[in-house]
Amino acid sequence: MKLSCIIVEDIQIAADFLRKFCEKSDMVEVKGHFLNVADALEYLDHERVDLLFLDIEMPGASGFDLLDSLTYSPKIILTTSKTEYAFNAFQYHVDDYLKKPFTFKRFQESIQKLQQKVSAAQALAAPAATSPAPSSDTDFLFIKAEDKLIKLKKDDILFLESMRDYVKFVTPARNYITYSTLKNMEEKLIGPNFLKVHRSYIVNITKIDDIRGNTIYLLGNQIPIGKGHRDEVASRLNIL
Amino acid sequence: MANIRIGFVFDESLNAAFLAELFDGDTIYAETVFEDFLRDLPVYWQRVDAAFGNENLPVLGTCVHTCKTLFGYVGFTDLQELCQQFENKCSVSRMDDLRDEYHLLTERKEKAQRVIEKEYNRLREYNEANG
């Protein structure tokens with residue numbers, strides 16, 4: 001199945017190459033090309049895509065500003081000619097990093113890797129959906145970690161953190177890491193107690209100690225509130 | 001004797017091996033990219049000149065960053081590297097320390113532009129002859 005994408009890139013030659021590579025690969029469908037972050041965010045406000053090809057340095061806001069403002073978690077491939085952004089890419093849990101100018105071969109490797117991740121995540125999610133696992137309104141869930149299914153009480157969970165192809169569950173006693181996406185976990189944790197506060201974090205709002213500025217504090221952990229999530233956080237937590 | 005189509009060989013001052021992989025024999029697309037380069041570079045370099053004239057180092061770095069990418073797509077990978085070094089210096093140096101390098105970069109840019117103009121014309125002729 002083709003991945004849908006948008007291209008966020010201010011240099012036309014670079015955007016044209018990307019579009020051409022997407023067509024040539026026959027694995028990615030380009031839904032739009034945007035020259036700046038503001039136009040891309042306006043599109044993403046009402047349309048969802050599977051994948052973003054995202055330049056970093058553009059007029060106005062940067063690619064990282066866009067990532068801070070996203071309200072959902074598409075796959076991200078950063079495209080830039082600066083290797084210095086590799087560390088930031090790691091921090092933002094992007095899926096790949098393509099240094100411009102890149103060849104079709106490099107592009108194809110990136111997309112194939114992404115397709116494999118998507119297929120693997122879907123294969124893992126499918127058995128859980130059909131197994132006699134508890135529905136989202138029970139007080140526990142099972143996660144696959146350390147070669148077994150571990151029962152976690154929802155009330156024990158402080159927060160979840162996205163780590164590329166994995167999700168880390170943080171409890172007061174210990175952490176658990178499972179091969180999944182934050183989006184999958186969001187669906188399992190539908191309810192009044194869990195809230196997505198950043199593209200990479202879901203918190204148990206009953207465990208929040210306090211909020212200072214745009215940071216949530218839970219038992220010594222600091223969780224950032226993403227720009228695109230601030231309104232919902234304020235609304236859900238009844239912040240006056 | 002059958003006519004044998006000889007592949008297009010890029011100028012030796014370009015990274016020919018990289019261009020061969022980038023365009024994968026698609027000389028029609030290469031012609032388009034070179035045409036776009038010749039159209040876009042003067043516009044982008046005008047911003048470089050303006051930033052240098054205004055002694056605005058952060059903007060100068062950003063404008064050179066844009067041109068750097070263009071050079072890469074037409075095979076000037078060494079000039080791309082030179083732009084990267086200059087861009088890095090824009091964030092740590094004073095304007096006076098960068099003047100000589102700026103002039104060197106400008107000369108290299110002009111030389112690159114002449115090479116790409118020539119390559120663009122050669123590509124057009126090649127594509128017309130083999131179309």
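Everything here concerns the structure above.
Residues numbered from 1 in each chain as written. Chains lettered and ligands numbered in written order. Predicted model: local features only at pLDDT ≥ 70, side-chain atom pairs only at ≥ 80, totals over all residues.

Further remarks concern the overall build of chain A. The number of helices and strands found in chain A is seven helices and 15 strands. By the compact-globule yardstick of 18 Å for 240 residues, chain A fits well, its C-alpha radius of gyration being 19 Å. Expressed along its principal axes, the backbone C-alpha trace of chain A runs to roughly 50 × 40 × 30 Å. Looking at chain A alone, contacts between residues at least 24 apart form 52% of all its contacts between residues at least 6 apart. (Helix = DSSP H or I, 4+ residues; strand = E, 2+ residues; numbered from the N terminus. Rg over C-alpha atoms; globule rule 2.2 N^0.38 Å. Contact = placed C-beta atoms within 7 Å.)

Below, the discussion takes up the nonpolar core. Grouped together as the largest cluster of nonpolar side chains are 62 residues, with contacts concentrated most on Val8 of chain A together with Phe37 and Cys67 of chain B. Top contributing element to this core by residue count: helix H2 (residues 27-53) of chain B, with eight residues. Filtering out sequence-adjacent residues up to four positions away, Cys67 of chain B remains in contact with Leu41, Tyr44, Trp45, Val48 and Cys83 of chain B. In terms of nonpolar packing, the next biggest core, distinct from the first, is built from 21 residues, Leu141, Phe159, Leu160 and Tyr201 of chain A among them. (Core = buried A, V, L, I, M, F, W, Y, C linked by C-beta atoms within 7 Å. Buried ≥ 20, exposed ≤ 12 C-beta atoms within 10 Å, placed from the backbone.)

All right, on to the interface of chain B and chain A then. Contacts between chain B and chain A engage 15 residues on the former and eleven residues on the latter. Sorting elements by how many residues they give to the side of chain B that touches chain A places helix H3 (residues 57-73) of chain B first, with eight residues.

With that settled, consider the environment of Tyr126 of chain B. For Tyr126 of chain B, the position within the fold is in helix H5 (residues 95-130). The residues touching Tyr126 of chain B, leaving out its near neighbours within four places in the chain, are Phe8 and Thr27 of chain B.

Next up on the list: unusual backbone geometry. At the junction of Lys100 of chain A and Pro101 of chain A, the peptide bond is cis and its omega measures out at -5 degrees in the coordinates. Take Pro101 of chain A: it is sitting in the loop between strand S5 (96-99) and helix H5 (104-130). In this structure, Leu219 of chain A is a non-glycine residue whose phi angle is positive, near 45 degrees. Here Leu219 of chain A is to be found in the loop between strand S14 (215-218) and strand S15 (221-224). For Leu219 of chain A, a count of 12 C-beta atoms within 10 Å corresponds to the exposed category. Phi at Asp24 of chain B is positive, roughly 50 degrees, even though this residue is not glycine.

Everything listed here is a matter of geometry and, on its own, says nothing about what the molecule does.
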